[in-house]
Amino acid sequence: MRKPQRFAAVGILAALTVALAACGGSEQPAAGGAMAAPPAPMSAAPAAADGVTTNADVFGPACGKLPQGDAPGSLNNMGPQPVASAASTNPLLTTLVTAVKAVPGLADTLNSQKGITVFAPYNGAFDEAKSAMGDEAFSALLADQQQLGGLLSYHVVPKRYDAEGLVAAGKVTELAGGDVTIGGTAAAPTVTDGQGNTANVLCGNIPTSNATVFVIDKVLMPAG
């Protein structure tokens, strides 16, 4: 998959956020970009070296926003499912899921991977991007499925990492071909994209059957 150009990617994001504004259900970021939520009763304990995590490894200020028990979107519910199917029930990711479904075959591709890491922008990340860019006339770019697929693939690492592994790696290459830089600590990692924008992890180490998921507070953009 070719790396999307900066102008087209920005256009796609602007169009995406305008077109999907009706998805709703997004939480607005609190001051500093992080979503306010009660701390989840979990810790960022080191997980397996292969990046596979369990519910006990999940951490972050937005984890308490997830449904509890065995309800759809809960950790118990998402864990046995492949990543795209699991994300489809997560209330923090409704806008992202709609975007993935707009690219034919992308959900199936993500579900079929054997071991990946997914940086998943929460709904409010798209709202923030829309506010920053304004409602420009990029709607036509939304129809370019190759560009949209490339932008979304910039949020996927073709190797499975837990938080500790990400921080130890320092930099990882995305499925779309660009790199992101990992900073912070295993208890509070950050993800800096190709344009120098840094995202915080709102809920990390989320296990699915084929991926470890990190819900983040920004949409990642590749370098130009």
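Residues numbered from 1 in each chain as written. Predicted model: local features only at pLDDT ≥ 70, side-chain atom pairs only at ≥ 80, totals over all residues. Heavy atoms only, no water.

As recorded in an unreviewed UniProt entry, the chain goes by the name Fasciclin domain-containing protein, listed as coming from Pseudonocardia alaniniphila.

(A) Just the overall build of the chain, in detail. Scanning the chain for helices and strands turns up eight helices and seven strands. The buried share of the chain, reckoned over its 224 residues, is 46%. Counted over contacts in the chain with a minimum sequence separation of 6, partners at least 24 positions apart contribute 69%. Here the chain displays about 9,200 Å² of accessible surface, and carbon together with sulfur accounts for 56% of that area. (Helix = DSSP H or I, 4+ residues; strand = E, 2+ residues; numbered from the N terminus. Buried < 20%, exposed > 50% of the residue type's maximum accessible area, 1.4 Å probe, protein only. Contact = heavy atoms within 4.5 Å. Areas by Shrake-Rupley, 256 points an atom, 1.4 Å probe, with all protein chains shown as cover.)

(B) Geometry of the pattern of salt bridges. For the coordinates displayed, the defined rule picks out one salt bridge. Notably, a salt bridge pairs Glu128 with Lys218, separated by 2.8 Å at the nearest N-O pair. Of this pair, Glu128 sits in helix α6 (residues 123–133) while Lys218 sits in the segment after β7 (211–216), placing them 90 residues apart in sequence. For Glu128, a relative accessible area of 29% gives the class partly exposed. (Salt bridge = Lys/Arg side-chain N within 4 Å of Asp/Glu carboxyl O.)

(C) Region of the structure containing the state of the cysteines. The tally for this structure, following the rule as stated, stands at one disulfide. One disulfide bridge connects Cys63 with Cys203, the sulfur atoms lying 2.2 Å from each other. Judged by the torsion about the S-S bond (110 degrees), the Cys63/Cys203 disulfide is right-handed. In this pair, Cys63 is assigned in the loop between α1 (6–19) and α2 (75–78) and Cys203 in strand β6 (residues 198–207), connecting sequence segments 140 residues apart. Each member of the pair, Cys63 together with Cys203, is buried. (Disulfide = S-S within 2.5 Å.)

(D) Fine view of helix α7 (residues 145–153). Among the nine residues of α7, seven are classified as buried, and the element is accordingly described as predominantly covered. Among the residues of α7, Gln147, Leu148, Gly149, Gly150, Leu151, Leu152 and Ser153 are the ones counted as buried.

(E) Up close: the confidence of the model for the chain. For the chain, per-residue confidence averages 80 on the pLDDT scale, and 74% of positions sit at 70 or higher. Predicted confidence is poor over residues 1–47, with pLDDT under 50, and the contacts of this stretch with residues over four places away or in other chains come to 122 contacts. Low pLDDT, under 50, characterises residues 137–141; the predicted model gives this stretch eight contacts beyond four residues in sequence or across chains. (pLDDT = per-residue confidence, 0-100.)

(F) Looking closely at the sheet that holds β7. Strand order in the open sheet made by the seven strands is β2-β1-β7-β6-β5-β4-β3, with mixed pairing throughout. The outermost strands of the open sheet, each flanked by one partner alone, are β2 (156–157) and β3 (171–173). Both β6 and β7 contribute to a ladder of four bridges, which runs antiparallel. Counted as the bridge partner of Val201 is Ile216 from β7. (Pairing = 2+ DSSP bridges.)

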